[in-house]
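The chain contents come next:
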Amino acid sequence: MYHLRLKGRHYEMGVKRGKIFNRGKISFPLQLDDFQLEHGKQSEAVLKMFFPEVCEEIRGVSDTIGADYLNFASWMLCMGCCMYNLENNIPVEIRGCTAFAYEKEGRLIYGRNNDLPPYLRDGSKSEIYDPKNGNRFNITTSSFINGEEGLNEHGLAAAMTFVMTDLKKIQAGFNSCFIVRYLLEKASNTEQAISLLKELPIASNCNILLADKGGRMAAAECTPSVKNIREAEKLNNGRIVCIVNSFTSDEMKPYNDGNGNDYESRKRYGVVMDSFSSGRIKDDYVETTKQLLRGDYGFMCQYDNDPDFETVWSSIFDLKSLAIYRAEGDPRREKFVKDNRLQHPYVHHGLLGLQGQIEGRQL
């Protein structure tokens, strides 16, 4: 996993990233069909309306690497939505993540396993953004500019999970990874994030988990036509909310289009909820959350029978202290290492504190 710091105006941050791509001789074969191109172009217009700054960042990259801006933006907006021809024309996108947040005895902890095809592991990134006129935040991503999860300086965590969508139902709008980026940069707490999210046009089915250091936690179950806010549940003298790769509320289950092709979503959701209701998560909350993510309490990351799928990273956020712990790979084999860049923005030490260590390396 690569670690990068970006600061300043959005276009300039895009130029910096583009220069890194050029030094690494990274190319982007943008293989989009007519449906994807049209979806991407319409979605770019929506993105520009709500989040023009990030469009400038994309333009900074495309200008620097010599790519057509609109095609490049279209490609990014198809990710996690309708990018069904990735990696030698995989017929469907496969993503199987689990994310949860809980409050107990005054602690507010977020956890996640990010489950993807292994070819995405080596290019994954954990980045610190300090944009002009926006929140400072950490975002973790298998792509760039957008991301799967993050935590900002106000103690707001935001995360997505992919939910399969019938192509006929997809509409122009934000994909789930741009939703995460937008909320981290613009919102200070869960209530504000929900308010912003309700106004966004959504491209395809997804779950968005939100949790803040004040204790408000919720899951937004989103489709292009409906958004449902699912509040945290009370369990074992605490509260918890969890998202997987399907909708779990009764009113949203009819919108699931995965037909069970969701990498054991129901089983993973049950393991998380049972771990809290049974009282396994206690005492040292960070340590027991690590055990949960490692699969010590049931199926979470044990994709051993599938060579084309694995947990590519695991994360734990302490929302009040802004401490981040991350296992860069399967958490059964990789140690969780503390990332203190969000806590101490001006201290540069250790592997995770080196400015620009990504530079000159292939992504």
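Residues numbered from 1 in each chain as written. Predicted model: local features only at pLDDT ≥ 70, side-chain atom pairs only at ≥ 80, totals over all residues. Heavy atoms only, no water.

## Observations concerning the side chain of His10
Point 1. By the secondary structure assignment, His10 is in helix 1 (residues 10–23).
Point 2. If we skip the residues at most four places from it in the chain, His10 touches Glu53, Val54, Glu56, Glu57, Pro131, Lys132, Arg181 and Glu185. (Helix = DSSP H or I, 4+ residues; strand = E, 2+ residues; numbered from the N terminus. Contact = heavy atoms within 4.5 Å.)

## Structural notes on the sheet that holds strand 15 (residues 337–339)
Point 1. As summarised here, the arrangement of the 7 strands in space is 11-12-2-3-13-14-15, forming an open sheet in which the pairing is antiparallel. For this open sheet the edge positions go to strand 11 (233–235) and strand 15, each flanked by a neighbour on one side alone. Taking the axes of each pair of neighbouring strands and ignoring which way they run, one obtains an average angle of 25° across the sheet.
Point 2. Across 3 bridges, the pairing between strand 11 and strand 12 (residues 238–243) is antiparallel. The partner of Leu235 across the bridge, within strand 12, is Gly238.
Point 3. Sheet strands in contact with helix 8 (residues 265–277) are strand 2 (98–104), strand 3 (107–116), strand 11 and strand 12, and its direction is about 170° off that of strand 12.
Point 4. Across the sheet, helix 9 (residues 285–293) lies against strand 2, strand 3, strand 13 (310–318) and strand 14 (323–327), angled at about 20° from strand 3, the strand it touches most. (Pairing = 2+ DSSP bridges. Axes fitted to C-alpha atoms, helices over the stretch in contact; angles between N-to-C directions.)

## What to know about the confidence of the model for the chain
Point 1. For the chain, per-residue confidence averages 90 on the pLDDT scale, and 92% of positions sit at 70 or higher.
Point 2. For residues 88–92, every residue scores under 50 in pLDDT, and the model assigns this stretch 7 contacts once sequence neighbours within four places are set aside.
Point 3. With pLDDT under 50 throughout, residues 349–363 is counted as low confidence; its partners more than four residues away or in other chains account for 37 contacts. (pLDDT = per-residue confidence, 0-100.)

## Section: the packing of aromatic side chains
Point 1. As enumerated under the stated definition, the model contains 18 aromatic pairs in all.
Point 2. One aromatic cluster is present, built from ring pairs that chain together Phe21, Phe28, Phe72, Trp75 and Phe144.
Point 3. Above the plane of the ring of Tyr69 lies Arg59, whose end atom (NZ or CZ) is 3.9 Å from the centre.
Point 4. Taking the ring centre of Phe299 as reference, the NZ or CZ of Lys267 above it sits at 5.5 Å. (Phe/Tyr/Trp six-rings, centres within 6.5 Å; stacked < 30°, edge-to-face > 60°. Lys NZ or Arg CZ within 6 Å of the ring centre and 35° of its normal.)

## Concerning the sheet that holds strand 6 (residues 149–152)
Point 1. With respect to topology, 8 strands assemble into an open sheet ordered 1-4-5-6-7-8-9-10, the strand pairing being mixed. Each of the sheet's edge strands pairs with one partner strand only, and the pair in question is strand 1 (2–8) and strand 10 (227–231). Neighbouring strand axes in the sheet, compared pairwise and without regard to direction, differ in orientation by 15° on average.
Point 2. Alignment of strand 5 (residues 137–141) against strand 6, held across 4 bridges, turns out to be antiparallel. When the bridges of strand 6 are listed, Asn138 appears paired with Leu151.
Point 3. The strands touched by helix 1 are strand 1 and strand 4 (125–131); relative to strand 1, the strand with the most contacts, the crossing angle is about 145°.

## Examining helix 1
Structural remark: α-helix, 3.6 residues per turn; residues separated by three or four positions point the same way.
Point 1. Taking 1.5 Å per residue as the helical rise, helix 1 with its 14 residues ought to reach 20 Å, and the 20 Å between its terminal C-alpha atoms agrees with that figure.
Point 2. All of the buried residues in helix 1 are His10, Met13, Gly14, Val15, Arg17, Gly18, Ile20 and Phe21.
Point 3. Buried residues along helix 1 sit against strand 1, helix 3 (52–65), strand 4 and helix 6 (176–186).
Point 4. Note on helix 1: the residue one or two positions beyond its end, Lys25, has a positive phi of about 55°. (Expected span 1.5 Å × (residues − 1). Buried < 20%, exposed > 50% of the residue type's maximum accessible area, 1.4 Å probe, protein only.)

## A short note on the pairing of strand 6
Point 1. Burial along strand 6 is two-sided: the residues Glu149 and Leu151 and Gly150 and Asn152 are all buried.
Point 2. In terms of strand pairing, strand 6 meets strand 7 (residues 156–162) through 3 bridges, oriented antiparallel. Of the residues in strand 7, the one forming a bridge with Glu149 is Ala159.
Point 3. Hairpin connection, strand 6 to strand 7: the antiparallel pair is bridged by 3 residues, and Gly155 has positive phi, about 80°.

## Re the packing of helix 6 against helix 7 (residues 190–199)
Point 1. In the contact formed by helix 6 and helix 7, the axes pass within 10 Å of each other and the chain directions differ by 135°. As the angle between them shows, helix 6 and helix 7 are arranged oblique. The handedness of the crossing between helix 6 and helix 7 is right-handed. Every residue of helix 7 that contacts helix 6 at Ile179, Tyr182, Leu183 and Lys186 is listed here: Gln192, Ala193, Leu196 and Leu197.
Point 2. In terms of residue class, the contact of helix 6 with helix 7 is made up of 6 nonpolar, 1 polar and 1 charged. (Parallel < 35°, antiparallel > 145°, perpendicular 65-115°, else oblique. Left-handed = near helix turned anticlockwise from the far one by under 90°. Nonpolar A, V, L, I, M, F, W, Y, C, P; charged D, E, K, R; others polar.)

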